[in-house]
Amino acid sequence: MKHLLFKLQSFLVLLVFTAASAYAQKSPVDMNRFIDDLMKKMTLEEKIGQLNLPVTGEITTGQAKSSNVAKRIRAGEVGGLFNLKGVERIRDVQKQAVEESRLGIPLLFGMDVIHGYETVFPIPLGLSCTWDMKAVEESARIAAIESSADGICWTFSPMVDICRDARWGRVSEGNGEDPFLGAAIAQAMVRGYQGKDMSRNDEIMACVKHFALYGAGEAGRDYNTVDMSHQRMFNEYMLPYQAAVDAGVGSAMASFNEVDGIPATGNKWLMTDILRKQWGFDGFVVTDYTGIAEMTDHGMGDTQTVAALALNAGVDMDMVSDAFVGTLKKSLTEGKVTEEAINAACRRILEAKYKLGLFDNPYKYCDVKRAKKQIFTKEHRAVARKIASESLVLLKNEGNVLPLAKKGTIAVVGPLADSRSNMPGTWSVAAVLKNATSLAEGLKAVAGDKAEILTAKGCNLMSDAEYEKRATMFGRSLHRDNRSDKELLDEALAVAAKSDVIVAALGESSEMSGESSCRTNLEMTDTQRMLLQELLKTGKPVVLVLFTGRPLVLNWEQANVPAILNVWFAGSEAGFAIGDVLFGDVNPSGKLTTTFPKSVGQIPLFYNHKNTGRPLADGAWFQKFRSNYIDIDNEPLYPFGFGLSYTTFSYSDVSLDKTSMTDKGELTATVTVTNTGKRDGAEVVQLYIRDLVGSVTRPVKELKGFEKIFLKAGESKKVSFKITPELLKFYNYNLDFVCESGDFEVMIGRNSQDVKKAAFKLL
């Protein structure tokens, strides 16, 4: 009888919530009234419970695990769960919260939906190389449709950390080295995930991460210290986070690193002064995995101390640490936190649930029929294949080895030649790995019966078996072959001897990049370099299909291999997309969004650097008492914005409609781009600006515009960019956002090095 009364009470509470929310779901006034009424009914423990985000399910990350979750849900001690997959399972858990807890407050269900759900798109670094904001937004839209169909209402994406150090494994998850491009991608991703207002059941809440500066860790080592001036923060790193806030992102995630000597998770200047007061962010802040507990290892105090530090800084939700639920009540009685701070954090979580419509319908994302119809569909896969083909970057094509003809016999050789599980890339936690298409499978499908495809592994990923284990985690094994190196090589050479052309599938495995996958040596592994050398000795044309989640050092490959196609990890449709490009059904148009160094010793290396007082003269290799190395030149192997095509493009000189402007005016820069080759193709036209004289030193160039255009063979098109004072602004010594009068240089071209120039003045 008691149990029936409890269920009836929960049901009545649910009816009240539904009626209140249905009355005016999106009205701020009604939302505030509803949450005020709800919070009056909540105990202190229930308020703190809303701030708790334990992990459950089959997919887990990190070193901690939460247990006894169901009991805690019923006690009102959980605000949400993450990485629980499956709409029926999620519905069952939501039922516990709604029908078996005292107030029936629904849960948030989050997941690392980073670059697709079961239909997987290229890793974010690869996706950024499309320079196509419609494609980026569409990838997030499809990810939202699929994940929401499976019960998810919150994604821990977009990751917008700027990175200039290729040793850092998580460069694969970001959008490269440039804040202007990163900001555009951040906004496109937020739009794709959240839609118009998250009112539909296929729109989910985004979470911009990792706030802040996570990609600038010392020595390229994950979770490491970050230390830089505020001026550099705002001019080079902060823009993508702010852009996501401007786009209305619903949540933000604190980063692991420290900023100004205080871990971001406990940094009030970041979470309150900048994020909320300066940028006007009105969503909630969640920690990263065990972020609060980890502040103890940073040296900030015991669990109670760091939990109070996080709450007082402006953090609202504790992921996995159990620090808020374990200590905040005690801290309140001891005066270390205030009830006002707890209420503010609780309110933000409840507001997020209200905005998602969960009070109106707690089972909004639990329609089991959707899961059967909207996940890994033929239509979604077709889009993923097209976008993947746009992300591939042609780095070299000597003698027009590419595109390949659909005829004869083609050898596909290498440890990544026939692996499905590695195609989705790192952080594809919801992917069904067997559903991905391997390179060999993709080439066979695209070539059809017109060409014969032969395969051989050729070598293991590297000679060090323990290293290979670390590089093939989470079900991404390449099934290390116990045959000798010579036996593997002989098999590959036998296959190559029967073939007209060799496709070498080499590079990184998917888990050689990503979280906690940092590297000090960025060259091709020993076994793969040996295999490539032997394949070249056959005299057959060799195409290097390069799998990677980061810039690699490819000096030898650039000097010796006739054709190199960087395919990143292109997602579940990778094999098909690579086949489309290799055989010329798609003309490659990807452009690098991160600089490829000639040596790890050059890192950090990025295009928008500043000059020293002793810059190297243009065209010089070495000058004594100038800023250079004695053993290598300063230049990258492949610059930011670089990428070849199967056709060629020419650029006219830059034309300006005026040579001066005021701080209230604008001018237009125009070039004419012509497809001078024999194939139709797409080109990314890039605008860079240099502020020649400033009150503080300014970069040698900064990306300030881009447009992707499609031109038929022989076609020309004028491309114009409006240059406004807003594009000329920067943060000065006092951190005022200003534009300063003086001389500027405009550069337009196919990459950050190959540009045409013009000059103007800001009066």
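Just so we're clear, the structure is a prediction, and the values are computed from it rather than from any experiment.

(A) The arrangement of the packing of aromatic side chains in detail. Counted under the stated rule, the structure contains 24 aromatic pairs. Considering the side-chain rings of F234 and Y731, the 5.1 Å spacing of their centres and the 45° angle between planes classify their relative orientation as tilted. Pair noted here: F234 is in helix 9 (residues 230–237) and Y731 is in strand 24 (residues 730–731), with a separation of 497 residues, a long-range link. For the pair formed by F234 and Y731, the shared burial category is buried. A ring pair is formed by W568 and F596, whose centres lie 6.3 Å apart and whose planes are at 70°; its orientation type is edge-to-face. Here W568 is found in the loop between strand 16 (563–566) and helix 23 (574–582), whereas its partner F596 is found in the loop between helix 23 and strand 17 (649–651), with 28 residues between them in sequence. Overall, the relative accessible area of 0% leaves W568 in the buried class.

(B) Expanded view of the packing of helix 18 (residues 439–447) against helix 23. Between helix 18 and helix 23, the shortest axis-to-axis distance is 7 Å and the interhelical angle comes to 55°. On the basis of their axis angle, the class for helix 18 and helix 23 is oblique. In this structure, the crossing between helix 18 and helix 23 has a hand that is right-handed. Of the residues in helix 23, those in contact with L439, G442, L443, A445 and V446 of helix 18 are G575, F576, I578, G579, D580 and L582.

(C) Expanded view of helix 13 (residues 303–313). Along helix 13, the residues classified as buried are Q304, V306, A307, A308, A310, L311 and A313. Buried-residue contacts for helix 13 involve helix 11 (268–278), helix 12 (291–298), helix 14 (323–333) and helix 15 (339–355).

(D) Layout of the sheet that holds strand 27 (residues 755–762). In space, the five strands of this open sheet follow the order 19-27-26-21-22, with mixed pairing throughout. Single-partner strands in this sheet number two, and they are strand 19 (660–661) and strand 22 (702–711). Relative to strand 22, strand 21 (residues 681–691) runs antiparallel, the two sharing nine bridges. Among the inter-strand pairings, V685 is bridged to a residue of strand 22, identified as E707.

Analysis parameters
Residues numbered from 1 in each chain as written. Predicted model: local features only at pLDDT ≥ 70, side-chain atom pairs only at ≥ 80, totals over all residues. Heavy atoms only, no water. Phe/Tyr/Trp six-rings, centres within 6.5 Å; stacked < 30°, edge-to-face > 60°. Helix = DSSP H or I, 4+ residues; strand = E, 2+ residues; numbered from the N terminus. Buried < 20%, exposed > 50% of the residue type's maximum accessible area, 1.4 Å probe, protein only. Axes fitted to C-alpha atoms, helices over the stretch in contact; angles between N-to-C directions. Parallel < 35°, antiparallel > 145°, perpendicular 65-115°, else oblique. Left-handed = near helix turned anticlockwise from the far one by under 90°. Contact = heavy atoms within 4.5 Å. Pairing = 2+ DSSP bridges.

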